[in-house]
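What follows is the residue order along each chain.
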Amino acid sequence: MNLLIQQKNFFGIDYNSQRGRTVAVYNSASSTVKARVILHGATKTGSISDRNTVTLGDEATFSTSSSLSVAEYYGGRNICWNPDQNVHHVILDDNGTDRIVHFSVDASNEVSWDTTNKASISSGTASGNNTGGGLVYNHARDRIISYGSTTSNSSSQYNFEYHTWDGSNYASQGSAITLSTASGHFRGCGTTKTDSSAIHNGSFMVNANSSKLTLYCMEPGG
């Protein structure tokens with residue numbers, strides 16, 4: 001299997017529970033973001049040889065002027081699954097502007113990007129080898145959370161912003177909230193996962209500086 005991932009190896013893997021499929025988003029060229037479905041040869045009850053058979057669905061291009069470089073090397077996840085609306089949200093550079101966009105997967109394993117409805121972000125817009133943005137979905141609150149560093153060095157602060165998607169349009173908080181003023185190398189490390197009735201379903205980041213490791217949890221409210 002070869003996804004032809006280029007441009008600093010920026011890519012993301014996600015799981016679509018509606019279709020029971022893995023999806024990949026990646027830079028296939030210097031300024032092109034694409035996505036496709038990864039098909040496994042059998043279910044978990046199949047033979048080992050069947051499960052090891054992997055094929056790829058058709059590539060779907062978002063734009064030839066786009067990049068996943070917002071997350072950089074030490075940022076968070078650049079893709080998150082929204083089971084409430086059955087779409088995958090992606091954080092990317094869209095022709096020079098950092099945005100959240102999304103794509104869906106149909107029953108034929110075809111990926112369809114929405115290139116019209118986009119959310120501009122105020123958080124995590126700086127990138128660099130030490131820092132970078134990320135994206136998670138909070139199922140309990142039905143919120144998309146973008147996060148990242150304020151500058152592209154290890155002495156930056158970290159902030160976040162929440163967004164919603166109603167199936168037609170994004171609505172954003174409009175400004176970033178400071179999560180941490182500590183300097184250090186921030187890492188995105190995923191999200192907790194609980195059911196829709198849970199009081200808490202937060203997302204987490206780690207800050208590592210010269211003396212300690214700190215875990216942060218964000219709760220975007222009701």
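Here we summarise the structure given alongside this text. This one's a predicted model, so the numbers in the text were calculated from it and none came from an experiment.

1. Points about the overall build of the protein
Of the regular secondary structure elements, the protein holds one helix and 18 strands. In the protein, buried positions account for 45% of the 222 residues. When contacts within the protein are restricted to residue pairs at least 6 apart in sequence, long-range pairs at least 24 apart make up 50% of them. Entry remark: accessible area of the protein is about 10,100 Å², with carbon and sulfur atoms responsible for 45%.

2. Considering unusual backbone geometry
The phi dihedral of Asn95 is positive, around 55°, even though this residue is not glycine. In this structure, Asn95 sits in the loop between strand E8 (87-94) and strand E9 (97-105).

3. What to know about the environment of Ser120
The residue Ser120 is located in strand E10 (residues 111-120) in this model. The exposure class of Ser120 is partly exposed, given its relative accessible area of 40%. With 26 residues separating them in the primary sequence, Ser120 and Asp94 have C-alpha atoms 9.7 Å apart. Only 3.1 Å separates the side chain of Ser120 from the side chain of Arg99, close enough to count as a polar contact.

4. Regarding the side chain of Glu161
Here Glu161 is to be found in strand E13 (residues 158-165). Reaching out from Glu161, the side chain makes a polar contact with the backbone nitrogen of Gly174 at a distance of 3.0 Å. Setting aside anything within four residues of it in sequence, one finds Glu161 in contact with Ile121, Ser122, Ser123, Ile144, Ile145, Ser146, Ser172, Gln173, Gly174, Ser175 and Ala176.

5. Observations regarding the pairing of strand E7 (residues 79-82)
Look at any regular strand and the pattern is simple: side chains alternate between the two faces of the sheet. Judged by which residues are buried, E7 turns out to be covered on both faces: Ile79 and Trp81 on one side and Cys80 and Asn82 on the other are all buried. Pairing of E7 with E8, which is carried by four bridges, proceeds in the antiparallel orientation. Looking at the pairing, Trp81 lines up with His88 of E8.

6. Section: the nonpolar core
By size, the foremost hydrophobic cluster in this structure holds 17 residues, and its most contacted members are Val25, Val90, Phe103, Val111 and Trp113. Among the elements of the structure, strand E2 (21-29), strand E3 (32-40), strand E5 (60-63), E8, E9 and E10 are those that each provide at least two residues to this core. Ignoring any residue separated from it by four or fewer positions in sequence, one finds Phe103 in contact with Val23, Ala35, Ile79, Val87, His88, Val90, Val111, Ser112 and Trp113. Among the nonpolar cores identified, the runner-up in size contains 12 residues, and Val87, Ala119, Leu135 and Trp165 belong to it.

Rules and cut-offs
- Residues numbered from 1 in each chain as written.
- Predicted model: local features only at pLDDT ≥ 70, side-chain atom pairs only at ≥ 80, totals over all residues.
- Heavy atoms only, no water.
- Helix = DSSP H or I, 4+ residues; strand = E, 2+ residues; numbered from the N terminus.
- Buried < 20%, exposed > 50% of the residue type's maximum accessible area, 1.4 Å probe, protein only.
- Contact = heavy atoms within 4.5 Å.
- Areas by Shrake-Rupley, 256 points an atom, 1.4 Å probe, with all protein chains shown as cover.
- Polar contact = N/O pair within 3.5 Å; in protein donor to acceptor, adjacent residues only side chain to side chain.
- Pairing = 2+ DSSP bridges.
- Core = buried A, V, L, I, M, F, W, Y, C linked by side-chain atoms within 4.5 Å.

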